[in-house]
Amino acid sequence: MNIIRYKRVTSTNDKAKVLGEKGANEWTIVVAEVQTRGRGRAGKRWESREGGLWFSIILRPKISADKVSILQFLASNGLRRAVKVKTGVHALTKWPNDLVFKTGKLAGILVESKIVNEIVSFVIVGIGLNVNQDQRELPSRATSLCKITGRNYELNELMEVVIEEMKLDYDGAELAKITDEWWTNCVHNYEQVVTHTPSGYVKGLCVGMNTDGSILIKSKHRMVRVSEGSLKLVK
Ligand code: BTN
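Our subject in this report is the structure included herewith.

Cut-offs used in this document
- Residues numbered from 1 in each chain as written.
- Predicted model: local features only at pLDDT ≥ 70, side-chain atom pairs only at ≥ 80, totals over all residues.
- Heavy atoms only, no water.
- Salt bridge = Lys/Arg side-chain N within 4 Å of Asp/Glu carboxyl O.
- Helix = DSSP H or I, 4+ residues; strand = E, 2+ residues; numbered from the N terminus.
- Buried < 20%, exposed > 50% of the residue type's maximum accessible area, 1.4 Å probe, protein only.
- Pairing = 2+ DSSP bridges.
- Right-handed = clockwise from strand over helix to strand, strands pointing away.
- Near = heavy atom within 4 Å.
- Polar contact = N/O pair within 3.5 Å; in protein donor to acceptor, adjacent residues only side chain to side chain.
- Areas by Shrake-Rupley, 256 points an atom, 1.4 Å probe, with all protein chains shown as cover.
- Nonpolar A, V, L, I, M, F, W, Y, C, P; charged D, E, K, R; others polar.
- Axes fitted to C-alpha atoms, helices over the stretch in contact; angles between N-to-C directions.
- Parallel < 35°, antiparallel > 145°, perpendicular 65-115°, else oblique.
- Left-handed = near helix turned anticlockwise from the far one by under 90°.
- Contact = heavy atoms within 4.5 Å.
- 1 Å grid on protein atoms, 1.4 Å probe; cavity = no way out; pocket = protein on both sides within 12 Å on 5 of 7 lines; lining within 4 Å.
- Points joined across faces, edges and corners; volume = space filled by probe spheres on them.

1. A short note on the pattern of salt bridges
Any two side chains of opposite charge can pair, given that their charged atoms come close. Enumeration according to the criterion identifies 18 salt bridges in this entry. The closest approach of N and O atoms between aspartate 14 and arginine 39, which form a salt bridge, is 2.5 Å. Of this pair, aspartate 14 sits in helix 1 (residues 12-21) while arginine 39 is found in the loop between strand 2 (28-35) and strand 3 (53-59), placing the two residues 25 residues apart along the sequence. The class of arginine 39 is partly exposed, set by a relative accessible area of 29%.

2. Looking at the pairing of strand 1 (residues 2-9)
Judged from the seven bridges that link them, strand 1 and strand 2 form a sheet pairing that is parallel. Counted as the bridge partner of asparagine 2 is threonine 28 from strand 2. In this view, the connection linking strand 1 to its parallel neighbour strand 2 by way of helix 1 has right-handed handedness.

3. Details of the site of the ligand
The environment of the ligand is made up of 20 residues, and the closest members are Ser11, Gln35, Arg39, Arg41 and Lys105. Within the side chain of threonine 12, one N or O atom sits 3.2 Å away from a nitrogen atom of the ligand. Between the ligand and arginine 39 there is a distance of 2.7 Å, counted from a nitrogen atom to a backbone nitrogen or oxygen. For the ligand, the protein covers 97% of the area, taking 410 Å² as the surface of the free molecule. If you list the elements that add at least two residues to the shell around the ligand, you get helix 1, strand 3, strand 6 (104-116) and strand 7 (119-129). When residues of the shell around the ligand are assigned to their parent elements, the largest contribution, four residues, is made by strand 6. For the shell around the ligand, the class distribution of residues is five nonpolar, eleven polar and four charged.

4. Re the packing of helix 2 (residues 70-87) against helix 4 (residues 155-170)
One can describe the packing of helix 2 onto helix 4 by two numbers: an axis separation of 8 Å at closest approach and a directional angle of 130°. If you check the angle between helix 2 and helix 4, you find them oblique. Note that helix 2 runs across helix 4; the crossing there is right-handed. Taking contact as the criterion, the partners of Leu71, Leu74, Ala75, Gly78, Leu79, Arg81, Ala82, Val85, Lys86 and Thr87 in helix 2 are, on helix 4, Glu157, Leu158, Val161, Val162, Glu165, Met166, Leu168, Asp169 and Tyr170. For the contact of helix 2 with helix 4, a count of residues per class yields twelve nonpolar, two polar and five charged.

5. Topic: the layout of surface pockets
Taken as a whole, the second largest pocket encloses approximately 370 Å³ of empty space. Lining the second largest pocket we find 21 residues, and of these Ser69, Gln72, Pro96, Ser227 and Glu228 sit closest to its centre. Mapped onto the lining of the second largest pocket, the elements with two or more residues apiece are helix 2 and strand 6. When its residues are assigned to classes, the lining of the second largest pocket shows eight nonpolar, eight polar and five charged.

Everything listed here is a matter of geometry and, on its own, says nothing about what the molecule does.
Shown next, in the form of structure tokens:
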């Protein structure tokens, strides 16, 4: 495993992409203390000041292009287990790519890939985990491990455990096992939700997850499969 460390970058995903293009090996990791242009899903900004764990992993999975999204669930599972092992915090997954503790967002995952003629060339799994930031240093709906436990954590140790946990599932990854574990530890498992999808809002009971990573919402009159968008719990 090759870990490349920076004090300050625009985004570790950007650095990892350049390395991916140059042929870097699988499990090359780019980690930075600060990101000046950290990115989240849907073009959102990801607040990445000092104290958080910001890193990206280059993978070259031998899977078909339509299965790439499974890597975000594999990463969420590994991240959730690593957080539990290292800190005792029992965080939960939230569709599509978050780790939450109670109502606060603890981590986010951004998966980006290069696919040429339907063949996966490489995938970048970018992970942002709020660790040692205090409330003033966090966006309003976010939380951190320090805020939850009152303790500070060594970022490198945490990162190593996340990688170890991800590796456990990576070789011979079984889609059903990954999505089952994700769903079992999901904050909206049989909860009322509203999802914002490209074709509008869907409101209802979240009753399951498919092996392609889409979720099932039982709305008033029908069952809807949602594969893209964002989700909120209805209180
Ligand atoms: C999200 O919740 O929308 C995903 C956030 C992903 C943030 C991480 S931090 C490391 C990597 N570099 C980035 O610019 N983004 C990801």
